[in-house]
Amino acid sequence: MKKLLIILALASCSVAVMSQSEIPTERHSVSTNPFFSNWFFQANVAGSAFYSNTESGRGFAKSPFKDFRNNLGFSVALGKWFTPGLGLRTKFNGAWGRAVISEDKDVNATKYWTLNEQVLFNLSNMLYGYSETRVWNFIPYAGGGVGRNMSRNTYAMGLTAGLLNQWRLSRKVALNLDVSFGVYEPDLDGVTKPGLDASRNFTAKDRVLNVELGLTYKFGKGTWKKTPDLEAVYALYQSEIDALNAQLADAYAENDDLRSQLDNGDQMLDGPGMVYTPPVVTVMSFFFERGSSQLLRQQDFVNLKTIAEAVIQRNAEVTIEGYADSNTGNMERNQQLSQQRAETVAAALQTLGVPSNNMHIVAKGGVDLLTPPENNRRVIVTF
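Residues numbered from 1 in each chain as written. Predicted model: local features only at pLDDT ≥ 70, side-chain atom pairs only at ≥ 80, totals over all residues. Heavy atoms only, no water.

## What about the overall build of the protein?
To be explicit about the condition: The way it works is that DSSP assigns letters per residue, a run of H or I at least four long becomes a helix, a run of E at least two long becomes a strand, and they are numbered from the N terminus. Exposure is judged per residue with a 1.4 Å probe applied to protein chains only, and the accessible area is read against the type maximum: over 50% gives exposed, under 20% gives buried, and values in between give partly exposed. Any pair of residues with heavy atoms lying within 4.5 Å of one another is described as a contacting pair. All accessible areas in this document rest on Shrake-Rupley with a 1.4 Å probe, and a residue is counted as covered only by the protein chains that are shown.
Helices and strands together make up the secondary structure of the protein, namely seven helices and twelve strands. Expressed as a percentage of its 383 residues, the buried residues of the protein come to 42%. Once local pairs closer than 6 in sequence are excluded, the contacts in the protein between residues at least 24 apart make up 71%. A total of about 20100 Å² of accessible surface is found on the protein, and carbon and sulfur atoms cover 58% of it.

## Quick look at the sheet that holds strand S9 (residues 283–287)
In plain terms, the rule: DSSP calls a pair of strands paired once it identifies at least 2 bridges connecting them. Throughout, an axis means a line fitted to C-alpha atoms (over the contacting stretch in the case of helices), and angles, computed between N-to-C directions, take values from 0 to 180 degrees.
Spatially, S9-S12-S10-S11 is the arrangement adopted by the four strands of the open sheet, whose pairing is mixed. Of all the strands in the sheet, just S9 and strand S11 (359–367) have a single pairing partner and so form its edges. On average, each strand axis in the sheet is tilted by 20 degrees relative to the strand beside it, whichever way the strands run. With five bridges joining them, S9 and strand S12 (residues 378–382) adopt antiparallel strand pairing. Paired with Phe 286 across the bridge in S12 is Val 379. Contacting S9, strand S10 (318–325) and S12, helix H6 (residues 298–314) runs over the sheet at an angle of about 150 degrees to S9. Against the sheet, helix H7 (residues 331–351) contacts S10, S11 and S12, and its axis sits at roughly 150 degrees relative to S11.

## What to know about H7
Just so we agree on the cut-off: To estimate how far a helix should reach, multiply one less than its number of residues by 1.5 Å. Whenever a nitrogen or oxygen atom comes within 3.5 Å of another N or O atom, the pair is scored as a polar contact, on the condition that within protein one atom can donate a hydrogen and the other can accept it, and that pairs from neighbouring residues in sequence are kept only if both atoms are in side chains.
The end-to-end C-alpha distance of H7 is 30 Å, a good match for the 30 Å that 21 residues give at a rise of 1.5 Å each. When H7 is considered as a whole, its buried residues turn out to be Asn 334, Leu 337, Ser 338, Arg 341, Ala 342, Val 345, Ala 346, Ala 348 and Leu 349. In this structure, the buried residues of H7 make contact with H6, S10, S11 and S12. Sitting at the amino-terminal end of H7 is Asn 330, which places a side-chain oxygen 3.3 Å from the backbone nitrogen of Glu 332.

## Details of a positive patch on the surface
Worth spelling out the cut-off: Patch definition: residues with relative accessible area over 30% and no salt bridge; like charges joined within 9 Å; nonpolar side chains (Val, Leu, Ile, Met, Phe, Trp, Tyr) joined within 5 Å. In what follows, salt bridge is the name for a side-chain nitrogen of Lys or Arg lying within 4 Å of a carboxyl oxygen of Asp or Glu. Under the counting rule used here, the positive set is Lys and Arg, the negative set is Asp and Glu, and His together with the chain ends is not counted. In this description, the location of a charge corresponds to atom NZ of lysine, CZ of arginine, CG of aspartate or CD of glutamate.
A cluster of basic side chains, namely Arg 168, Arg 171, Lys 221 and Lys 225, defines a positive patch on the protein surface. As for its placement among the helices and strands, Arg 171 is situated in the loop between strand S6 (154–168) and strand S7 (173–184).

## A short note on a nonpolar patch on the surface
A surface patch of nonpolar side chains, amounting to about 440 Å² of accessible area, comprises Leu 86, Phe 121, Met 126, Leu 127 and Tyr 128. Considering each element in turn, the nonpolar patch owes the most residues, three residues, to helix H4 (residues 123–128). With respect to the secondary-structure elements, Tyr 128 resides in helix H4.

## Comments concerning the sheet that holds strand S2 (residues 70–81)
Sheet architecture is closed into a barrel: eight strands sit in the order S1-S2-S3-S4-S5-S6-S7-S8, paired in antiparallel fashion. Taken over all neighbouring pairs, the strand axes of this sheet differ in orientation by 25 degrees on average, direction set aside. Sheet topology note: the S7/strand S8 (residues 206–219) ladder contains twelve bridges and is antiparallel. Residue pairing across strands places Val 179 opposite Val 211, the latter belonging to S8.

## What to know about the packing of aromatic side chains
The description of an aromatic ring pair rests on the distance of the ring centres and on the angle between the ring planes. Stated formally: Aromatic pairing here means that ring centres of Phe, Tyr or Trp (its six-membered ring) are within 6.5 Å. Orientation follows from the plane angle: under 30 degrees is stacked, over 60 is edge-to-face, and everything else is tilted. Whether a charge lies above a ring is judged from NZ of Lys or CZ of Arg, which has to be within 6 Å of the ring centre and within 35 degrees of the ring normal.
Here the structure, examined in full by the defined rule, presents nine aromatic pairs. Judged by centre distance (5.6 Å) and plane angle (75 degrees), the ring pair of Phe 35 and Trp 39 falls under edge-to-face. A residue is classified by how much of its surface remains accessible, and Trp 39, at 21% relative accessible area, is partly exposed. Note on Phe 40 and Trp 81: the rings are 6.2 Å apart at their centroids and 35 degrees apart in plane angle, and the pair reads as tilted. Residue Phe 40 is found in strand S1 (residues 39–51), and its partner Trp 81 is found in strand S2; the two are separated by 41 residues along the sequence. Take Phe 40: its relative accessible area is 3%, and that puts it in the buried class. Classification of Trp 81 by relative accessible area gives buried; the value is 14%. Within the aromatic cluster, the residues linked to one another by ring pairs are Phe 74, Phe 92, Trp 96 and Trp 113. When the ring centre of Phe 82 is taken as origin, the NZ or CZ atom of Lys 80, which lies over that ring, is 5.4 Å away. One Lys or Arg, Arg 89, reaches over the ring of Tyr 141 and ends 4.5 Å from the middle of that ring.

## Digging into the nonpolar core
Soluble, globular proteins show a tendency: their nonpolar side chains are buried together. Here is the rule we go by: To form a nonpolar core, buried Ala, Val, Leu, Ile, Met, Phe, Trp, Tyr and Cys residues must be joined to one another through side-chain atoms within 4.5 Å.
Counting 22 residues, the largest nonpolar core has Phe 286, Ile 307, Val 318, Ile 320, Val 345 and Leu 349 as the members making the most contacts within it. Elements that contribute at least two residues to this core include exactly S9, H6, S10, H7 and S12. Non-local contacts of Val 345, meaning those with residues more than four positions away in its chain, are made with Phe 288, Leu 295, Leu 304, Ile 320, Val 379 and Val 381.

## Some details on H6
Under the convention used in this document: Arc definition: it is the arc formed by the directions from the helix axis to the C-beta atoms.
The end-to-end C-alpha distance of H6 is 25 Å, a good match for the 24 Å that 17 residues give at a rise of 1.5 Å each. Restricting attention to buried positions, one finds in H6 the residues Asp 300, Asn 303, Leu 304, Ile 307, Ala 308, Ala 310 and Val 311. One face of H6 carries all of its buried residues, which in axial projection span an arc of 170 degrees. Facing away from the buried side of H6 by over 90 degrees, the exposed positions are Gln 298 and Gln 313. Directly beyond the C-terminal end of H6, a positive phi value near 55 degrees is found at Asn 315.

Okay, here's the thing in structure tokens:
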């Protein structure tokens, strides 16, 4: 028991060193997930040291490593993250404790449990922005609840505060190191020292120091959906609009030149009775969220309507190329996603009146052509 507590305490001290191994430099904004997303379950082995109200003034050693003061137990918790930085959990802790009425561990042995509701603050996400792949998360918490001494059939209210450290093992699983301190009414150990006013005297309360080691399992959707970098998307849109305007200006200039030549009787013919008109190629992009084949915003439909009107007027051919981000997902999934994105745009154009025979769909799969990577999640329409 003593060796276990020493190991857990040393692991807690290593937190400061571990925190230096990853300092994120990029902040992420996220969208709200459905209620059934971001739930988690925790199971831990707990080493607990007890400080009883009955020991006040008796000179017992205060070290949490004393056998008459500590015992092994376990804890389980169910919780949910409502944002990357704020969560709630319900935590059960027990079941073997010490009343600390003497320096004999067998005399002090008792059975108990505590049930607390706690608010968790993920400071790693709050300070540095959400990162799905962050190795270490620093999570202080505070809460309150009730405890029961099963050996003596007594109940006590209490408050808890602590620090939860989590190290990512996989997308679903994390390693926990949880250090907490709880203060309870004198009845937690079932023994009250006469003459002490528990409402005013800290030593007249029962206290518990917990060091826990275990695992967290995330179920439902355990990650947060990143919102697109709209500034980058809008900047890319603007650059393409500028290029389109330049192409249109060149086309208008060529048309004016042809009209002038026709007015002067100097016609450019591409065959008997036919006037040559140079082709105009137009390109436009549509961007998507990670893992999604749904169009992002209302402006996308406005742009699609403009394309449809031009295609119908010219009876033009349209090439629709779908892309995915190769930095996420496997090759097969990216190929499927690029196909779905291209088909989404094609279906929208067909709804607007573009014949399916005029559209050619190409799925390019995952690419890393653009920076930042999310700009690769797009469809390019060329007509």
